[in-house]
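Close look at the chain arrangement
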Amino acid sequence: MKQRTKVIIDTDVDFDDYMAIVYLMQNPAVEVIAISVTGCGAAHLNKGVANVANLLTLFGKDALSLPVLRGAKAPMRYSNVFPADVRTGADDHYAAEFPATNPTPQIHDAQTWLCDFFLHNEDKVTLLSIGGGTNFGNLFLSAQSDAILKQKILSGLEQIVMMGGNLLPRYISPGAMGNIEPTLGDNIIYRNTVAEWNIFVDPLGAQTMFEFGVPIRLIALNATNDVPLDQSFVDDLKAIDTPQAQFLSAVLAYPSNAAGIGTYLSFWDPLAACTITDPSLVTTDIYKLMVWQELDEEDDQSASLVVDPSNGTPIEVAVAAAKDAVYAEFLRVLRLPLPDTK
């Protein structure tokens, strides 16, 4: 039997994060070994931690003791935040009911747990980064002054699959613009057309992850734009009569999410999750990238990805995706029984 891929999930517990987490927890080819939560994205930290702990009740008794890591309250740079209505929905887990309250949540400080894990880890691990770069940016920054920790992370962390960023039309045709302003509705508090939210919430965290030396596959908006969240997918998911699929259907039925089906929502984080076991779902190319850090309120280019052949870090970027194959893979796994965790 092929060895299961060990995965740490780093999440801001948004609607599509639930999709990615459920897919990986349900996937018999994957062993999720911890879920770290950031308070810098969709959900606030306390709510996000509690929601992840209670989400584990979907996966049986053995899942209840999975480590849930309490991460950052604030980004490494700036204070960019999602709109209040987005955060309210995420905090309230989109009114989707968990089967129960986790009676034995195993909640740890993220930096303490991650340092200890990598110092004693002998296995190859994949990181799914779907909540911005703050938690692992902080870990990698600490490791820069700790040679043993740095070596252990570099040897133990086989790859990072990161949902984030976009290659602008100046770099690739057709290119993808940012997704900040479309989320803001009529309350345009950020005048930024070039960045993607996971990078925007902490551009320094993302740049720190880029530079550290772990291979990264970046699932950019260029690829996720190819996989819109369509009603046909929602209908197929709702037809799966399992607690896991029904929970996700309830998340997607939340009014603000339902309004985005077939219009502005994409398969952001679940696409990244699916590529962990099937990289062929996306088309990739290597670009030498850096994350633009400077904030200019007159012409805000901050958090945009810059292709820089001299100073950039080589990153494998997903620039296209096969929509039908992605849908089929996600639904295939959701139809499976829960994997045996013994």
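As the structure is a prediction and not an experimental result, all values here were calculated from the model.

On inspection of all chains with the given rule, the structure shows 5 salt bridges. With a closest N to O distance of 2.8 Å, Lys6 and Glu31 form a salt bridge. Of this pair, Lys6 sits in strand E1 (residues 5–11) while Glu31 sits in strand E2 (residues 30–37), and the two are 25 residues apart along the sequence. Its salt-bridge partner being Glu316, residue Arg217 comes within 3.8 Å of it at the nearest N-O pair. Residue Arg217 is found in strand E7 (residues 216–219), and its partner Glu316 is found in strand E10 (residues 313–321); the two are separated by 99 residues along the sequence. With a relative accessible area of 7%, Arg217 lands in the buried category.

This part takes up the layout of surface pockets. Roughly 710 Å³ of internal volume is contained in the largest pocket. Contributing to the lining of the largest pocket are 30 residues, with Phe15, Thr183, Tyr264, Leu265 and Trp268 lying nearest its centre. Counted by class, the lining of the largest pocket contains 13 nonpolar, 10 polar and 7 charged residues.

Glancing now at the packing of aromatic side chains. For the structure on display, the rule yields 18 aromatic pairs. Judged by centre distance (4.3 Å) and plane angle (20°), the ring pair of Phe82 and Trp197 falls under stacked. Remark: Trp197 occurs in helix H8 (residues 197–200) and Phe82 occurs in the loop between strand E3 (67–70) and helix H3 (84–91); sequence separation between them is 115 residues. Here Trp197 falls in the buried class, since its relative accessible area comes to 3%. With a centroid separation of 5.0 Å and 80° between ring planes, the pair formed by Tyr190 and Phe200 is classed as edge-to-face. A residue pair is termed long-range when its members are at least 10 positions apart, and Tyr190 in the loop between helix H7 (180–184) and H8 and Phe200 in helix H8 qualify at 10 residues. The class of Phe200 is buried, set by a relative accessible area of 1%. Taken together, the ring pairs connect Tyr23, Phe233, Phe267, Tyr327 and Phe330 into an aromatic cluster. In this structure, Lys150 is placed above the aromatic ring of Phe212, and the distance from its NZ or CZ to the ring centre is 5.8 Å.

For helix H9 (residues 203–212), the tally of buried residues reaches 8 of 10 residues, placing the bulk of the element in the interior. Pro203, Gly205, Ala206, Gln207, Thr208, Met209, Phe210 and Phe212 are the residues of H9 that are buried. Positive phi appears at Gly213, one or two residues downstream of H9, with a value of about 120°.

So, on to the pairing of strand E4 (residues 106–109). One ladder, built from 4 bridges, connects E3 with E4; its direction is parallel. Residue pairing across strands places Arg70 opposite Asp109, the latter belonging to E4. Crossover handedness for the path E3 to H3 to E4: right-handed.

Interhelical geometry of helix H1 (residues 15–26) versus helix H14 (residues 268–277) gives an angle of 20° and a closest axis separation of 7 Å. By the angle between their directions, the pair H1 and H14 is classed as roughly parallel. Relative to H14, H1 is oriented so that their crossing is right-handed. Residues Phe15, Asp16, Asp17, Met19, Ala20, Tyr23 and Leu24 of H1 touch H14, and the partners they reach there are Trp268, Asp269, Pro270, Ala273, Cys274, Ile276 and Thr277. Taken together, the residues of the contact of H1 with H14 sort by class into 10 nonpolar, 1 polar and 3 charged.

Read from one edge of the open sheet, 10 strands run E4-E3-E2-E1-E5-E6-E7-E10-E8-E9, paired in mixed fashion. This sheet does not close on itself; its edge strands, each paired only once, are E4 and strand E9 (305–307). Each strand of the sheet is rotated relative to its neighbour by a mean of 35°, with strand direction disregarded. Of the pairings in the sheet, the one linking E1 to strand E5 (residues 125–130) comprises 6 bridges and is parallel in character. Paired with Val7 across the strands is Thr126, a residue of E5. Running at roughly 150° to strand E6 (residues 157–163), H14 makes contact with E1, E2, E5, E6, E7, strand E8 (282–291) and E10 of the sheet.

Analysis parameters
- Residues numbered from 1 in each chain as written.
- Predicted model: local features only at pLDDT ≥ 70, side-chain atom pairs only at ≥ 80, totals over all residues.
- Heavy atoms only, no water.
- Salt bridge = Lys/Arg side-chain N within 4 Å of Asp/Glu carboxyl O.
- Helix = DSSP H or I, 4+ residues; strand = E, 2+ residues; numbered from the N terminus.
- Buried < 20%, exposed > 50% of the residue type's maximum accessible area, 1.4 Å probe, protein only.
- 1 Å grid on protein atoms, 1.4 Å probe; cavity = no way out; pocket = protein on both sides within 12 Å on 5 of 7 lines; lining within 4 Å.
- Points joined across faces, edges and corners; volume = space filled by probe spheres on them.
- Nonpolar A, V, L, I, M, F, W, Y, C, P; charged D, E, K, R; others polar.
- Phe/Tyr/Trp six-rings, centres within 6.5 Å; stacked < 30°, edge-to-face > 60°.
- Lys NZ or Arg CZ within 6 Å of the ring centre and 35° of its normal.
- Pairing = 2+ DSSP bridges.
- Right-handed = clockwise from strand over helix to strand, strands pointing away.
- Axes fitted to C-alpha atoms, helices over the stretch in contact; angles between N-to-C directions.
- Parallel < 35°, antiparallel > 145°, perpendicular 65-115°, else oblique.
- Left-handed = near helix turned anticlockwise from the far one by under 90°.
- Contact = heavy atoms within 4.5 Å.

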